[in-house]
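# Structure assessment
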Amino acid sequence: EDQVTQSPEALRLQEGESSSLNCSYTVSGLRGLFWYRQDPGKGPEFLFTLYSAGEEKEKERLKATLTKKESFLHITAPKPEDSATYLCAASGGNTDKLIFGTGTRLQVFP
Amino acid sequence: EAQVTQNPRYLITVTGKKLTVTCSQNMNHEYMSWYRQDPGLGLRQIYYSMNVEVTDKGDVPEGYKVSRKEKRNFPLILESPSPNQTSLYFCASSLLHSNQPQHFGDGTRLSIL
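Residues numbered from 1 in each chain as written. Chains lettered and ligands numbered in written order. Predicted model: local features only at pLDDT ≥ 70, side-chain atom pairs only at ≥ 80, totals over all residues. Heavy atoms only, no water.

### What to know about the packing of aromatic side chains
What the rule picks out here adds up to 10 aromatic pairs over all chains. Ring geometry for Y36 of chain A and F104 of chain B: centres 5.6 Å apart, planes at 85°, overall edge-to-face. A residue pair is termed interchain when its members come from two chains, as with Y36 of chain A in strand 4 (residues 32-38) and F104 of chain B in strand 10 (residues 103-104). An aromatic cluster is built from F34, Y36, F46 and F100 of chain A together with Y35, F90 and F104 of chain B, whose rings are joined through pairwise contacts. (Phe/Tyr/Trp six-rings, centres within 6.5 Å; stacked < 30°, edge-to-face > 60°. Helix = DSSP H or I, 4+ residues; strand = E, 2+ residues; numbered from the N terminus.)

In structure tokens, the structure reads:
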């Protein structure tokens, strides 16, 4: 069964303390791995798409990487405004479904 | 402004009373989908549509119906709502397929008593 698992469920960081969020996936024939940011009361907002193992994408303090089994979202020197829930999703298999993980709730405090 | 618009944003209703949540996008996207978001379970896909008159089940389709008569609209229909359908619902669209970035609406919080 296709599945996406994120860890940790929650992460508290001090401002400037770098860390990584993990997304493990078991999706046959991966067509795309996505990262989204979700703020309270809002819909998810697109961050990155990764299509093949070894690919990396960067945006400000965020960097996403992809291997054949997992993806990481690295956060370098986070700021309080980076506090949000980060969602990972995968597309693959013989359908056009999109499967989401349960998210990592990140809190960055001053 | 490119956007996905859902209505209503909030709804409290009773068991068995049919309701429709509308979703409209102004980006000429082919792919549209509905999700529900529940604590501890994350976002789960209900139905998706790859084009007009083409719809497919996601992972949790039971108790829901959809239709895609026009490209821009993708309503979610609950013909006989039950309390276990109380949830936060999101509509999303992308240019062609699920392997492209999804644009999400701001959500509909649905409470069924």
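### Topic: unusual backbone geometry
Most peptide bonds are trans, and most residues other than glycine sit at a negative phi. A cis amide bond links S7 of chain A with the next residue in sequence, P8 of chain A, at an omega value of -10°. For P8 of chain A, the position within the fold is in the loop between strand 1 (3-7) and strand 2 (10-14). Note the cis peptide between N7 of chain B and P8 of chain B, where omega equals -5°. In this structure, N28 of chain B takes a positive phi of about 60° despite not being glycine. Following the sequence through the fold, N28 of chain B ends up in the loop between strand 3 (19-25) and strand 4 (31-38). For N28 of chain B, a relative accessible area of 53% gives the class exposed. A positive phi angle is found at E53 of chain B, which is not glycine, with a value near 65°. (Buried < 20%, exposed > 50% of the residue type's maximum accessible area, 1.4 Å probe, protein only.)

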